[in-house]
Amino acid sequence: MDRRTFIQNSSIGALAMVMPHIPAYSTFPEETRFGVAEASYWMRWYGKLESDAYPPFTNAMEMLEHCASSGFGGIQVGIRNWDAATAKKLRARAEVLGVFLEGQIRLPGDVQETARFEEDLKAAQLAGIDVIRTACLSGRRYENFDSREAFREFKEGAISSLQIAEPLMKKYAIKLAVENHKDWRAAEMVEILKKFESEWIGVTLDTGNNISLLEDPMEVVEALAPYAYSVHLKDMGVVEYEDGFLLSEVNLGEGYLDIEGMVRIMKKHNPEIRFNLEMITRDPLKIPCLTKKYWATFDNISASELAVFLYKIRNQKVKTPLPIVSVLNTDAQLAMEIDNNSTSLKYAQSHLGFH
């Protein structure tokens with residue numbers, strides 16, 4: 001052994017003696033609790049439906065108690081001006097119940113909203129929350145924007161909001177998980193994430209949303225899984241209509257997605273990743289991909305890509321007709337929401353290894 005090699009090897013050995021052991025990522029324990037996203041109870045939160053049998057949720061504790069008693073292992077819920085006492089009570093109750101808490105937060109639109117954003121992070125930290133889901137767009141790309149220029153301005157604003165948020169996520173040691181929320185195609189989202197290269201900015205990976213942007217759902221999972229901290233797990237049904245196709249959340253196992261394969265891919269990249277059911281009980285969404293307005297913001301989807309996508313849609317066989325919820329009375333709608341969540345939870349427990 002020459003002198004240089006001896007010195008190098010000796011230095012490495014000495015460094016190993018003083019550096020703490022950091023386990024490989026794959027050695028962390030696998031998360032097997034199955035949570036539920038706030039949107040799975042969209043009608044209970046936002047539907048403004050009056051019912052004595054199914055009263056609306058008015059705060060996070062009510063959702064926590066209901067979901068834990070229903071068998072879910074965690075919740076993802078909006079942080080709505082929680083004071084310190086509320087945050088501490090939620091943390092204590094979640095610990096007693098053995099369930100996890102994830103937050104939802106609205107990004108700061110500009111520096112004037114930084115204080116509001118930071119107050120929500122303080123509350124999240126007190127509640128023991130280490131992952132918070134957010135979205136850059138509250139609507140849908142093909143409905144919100146009429147031109148590429150309008151979408152470009154939105155993109156610049158979204159990146160600016162994330163730039164404001166990132167140092168605060170680091171300060172409070174909370175990961176910000178940005179959902180693919182019918183705004184970014186997978187490649188666009190990866191491009192944004194690479195601008196930051198930050199452990200504090202990642203993804204809430206929704207398994208169905210990008211179908212509305214003409215992307216294969218499994219390819220989206222493969223592209224975004226390396227960045228994902230949290231999951232909106234859903235199954236989807238599709239049917240053609242005159243302007244494109246109808247898209248609907250359906251109970252796990254009743255749609256056309258390879259849910260088992262998606263779960264395997266995401267757990268391979270992050271064994272600790274948390275899965276939340278997002279089963280939104282509603283009428284099918286119209287995806288008008290054969291209309292002019294739909295294409296206002298897209299410049300990189302070829303005619304052949306569209307043709308292949310629509311061919312696949314046409315050949316998906318739905319096991320049951322897509323649900324029409326609006327024709328039901330109030331209590332029947334709310335009962336369906338609970339039943340859908342329960343049915344999907346049972347599927348996750350019996351087929352996906354959750355408890």
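Values in this document were obtained by computation on a predicted structure and should not be read as measured data.

Colleague: Please set out empty space enclosed by the protein residue by residue, giving values where relevant.
Modeller: Per the stated rule, a full pass over the model turns up 3 cavities of 30 Å³ or more. When its volume is computed, the largest cavity comes out at roughly 80 Å³. Around the largest cavity, the lining is made up of 13 residues, and of these Gly237, Glu254, Gly255, Val318 and Lys319 lie nearest the centre. In terms of residues, the lining of the largest cavity owes the most to one element, strand E8 (residues 235–241), which gives 3 residues. Here the lining of the largest cavity is composed, by residue class, of 6 nonpolar, 4 polar and 3 charged. By volume, the second largest cavity is sized at about 40 Å³. Around the second largest cavity, the lining residues are Cys136, Leu162, Val178, Trp184, Met189, Ile192, Leu193, Ile201 and Gly202. Listed by contribution, the elements that provide at least two residues to the lining of the second largest cavity are helix H8 (186–196) and strand E6 (201–206). The element contributing the most residues to the lining of the second largest cavity is H8, with 3 residues. Its residues assigned to classes, the lining of the second largest cavity shows 8 nonpolar, 1 polar and no charged.

Colleague: Please give an account of the environment of Tyr142 that cites residues and values.
Modeller: By secondary structure assignment, the location of Tyr142 is in helix H6 (residues 141–144). Among residues more than four places away in sequence, those in contact with Tyr142 are Lys182, Ser212, Leu213, Lys286, Ile287, Pro288, Lys293 and Tyr294.

Colleague: An account of the packing of aromatic side chains is requested, with residue identities and associated values reported.
Modeller: Applying the stated rule across the entire model yields 16 aromatic pairs. On the basis of an interplanar angle of 55 degrees and a centroid distance of 6.2 Å, the ring pair of Trp42 and Tyr46 is categorised as tilted. Of this pair, Trp42 and Tyr46 are both found in helix H2 (residues 42–46), 4 residues apart, which corresponds to roughly one turn of the helix. With relative accessibility at 37%, the residue Tyr46 sits in the partly exposed group. When the ring of Phe145 is compared with that of Phe154, the centres are 5.3 Å apart and the planes differ by 35 degrees; the resulting orientation is tilted. For Phe154, a relative accessible area of 12% translates into the label buried. Taken together, the ring pairs in this structure connect Phe34, Phe72, Phe275 and Phe354 into an aromatic cluster. Across the ring face of Phe151, the terminal group of Arg141 is positioned such that the distance to the ring centre comes to 3.8 Å.

Colleague: Outline the sheet that holds E6, supporting the account with residue identities and numerical values.
Modeller: The strand order around the closed barrel built from 8 strands is E1-E2-E3-E4-E5-E6-E7-E10, with neighbouring strands paired in parallel fashion. Each strand axis lies, on average, 30 degrees off the axis of its neighbour in the sheet, ignoring direction. Both strand E1 (residues 34–37) and strand E10 (residues 274–277) contribute to a ladder of 3 bridges, which runs parallel. Each residue of the ladder has a partner; that of Gly35, found in E10, is Asn276. Here helix H7 (residues 148–172) sits on the sheet in contact with strand E5 (175–179) and E6, set at roughly 150 degrees to E5.

Colleague: I'd like a rundown of unusual backbone geometry, residues and numbers included.
Modeller: The backbone of Lys182 sits at a positive phi, close to 55 degrees, despite the residue not being glycine. Inspection of the secondary structure assignment puts Lys182 in the loop between E5 and H8.

Colleague: Account for the pairing of strand E2 (residues 74–78), with residues named and values stated.
Modeller: Looking down a regular strand, the side chains alternate between one sheet face and the other. The buried fraction of E2 is high, at 5 of 5 residues. Of the two faces of E2, both are covered, the one formed by Gly74, Gln76 and Gly78 as well as the one formed by Ile75 and Val77. The pairing of E1 with E2 spans 3 bridges and is classified as parallel. Within the sheet, the bridge partner assigned to Ala37 lies in E2 and is Gln76. Bridge count for E2 against strand E3 (residues 100–104) is 5 bridges, and the pairing is parallel. The residue bridging Ile75 from the neighbouring strand is Leu101, located in E3. Taken together, E2, helix H4 (residues 84–97) and E3 constitute a β-α-β crossover, and its handedness is right-handed.

What counts and how
Residues numbered from 1 in each chain as written. Predicted model: local features only at pLDDT ≥ 70, side-chain atom pairs only at ≥ 80, totals over all residues. Heavy atoms only, no water. 1 Å grid on protein atoms, 1.4 Å probe; cavity = no way out; pocket = protein on both sides within 12 Å on 5 of 7 lines; lining within 4 Å. Points joined across faces, edges and corners; volume = space filled by probe spheres on them. Helix = DSSP H or I, 4+ residues; strand = E, 2+ residues; numbered from the N terminus. Nonpolar A, V, L, I, M, F, W, Y, C, P; charged D, E, K, R; others polar. Contact = heavy atoms within 4.5 Å. Phe/Tyr/Trp six-rings, centres within 6.5 Å; stacked < 30°, edge-to-face > 60°. Buried < 20%, exposed > 50% of the residue type's maximum accessible area, 1.4 Å probe, protein only. Lys NZ or Arg CZ within 6 Å of the ring centre and 35° of its normal. Pairing = 2+ DSSP bridges. Axes fitted to C-alpha atoms, helices over the stretch in contact; angles between N-to-C directions. Right-handed = clockwise from strand over helix to strand, strands pointing away.

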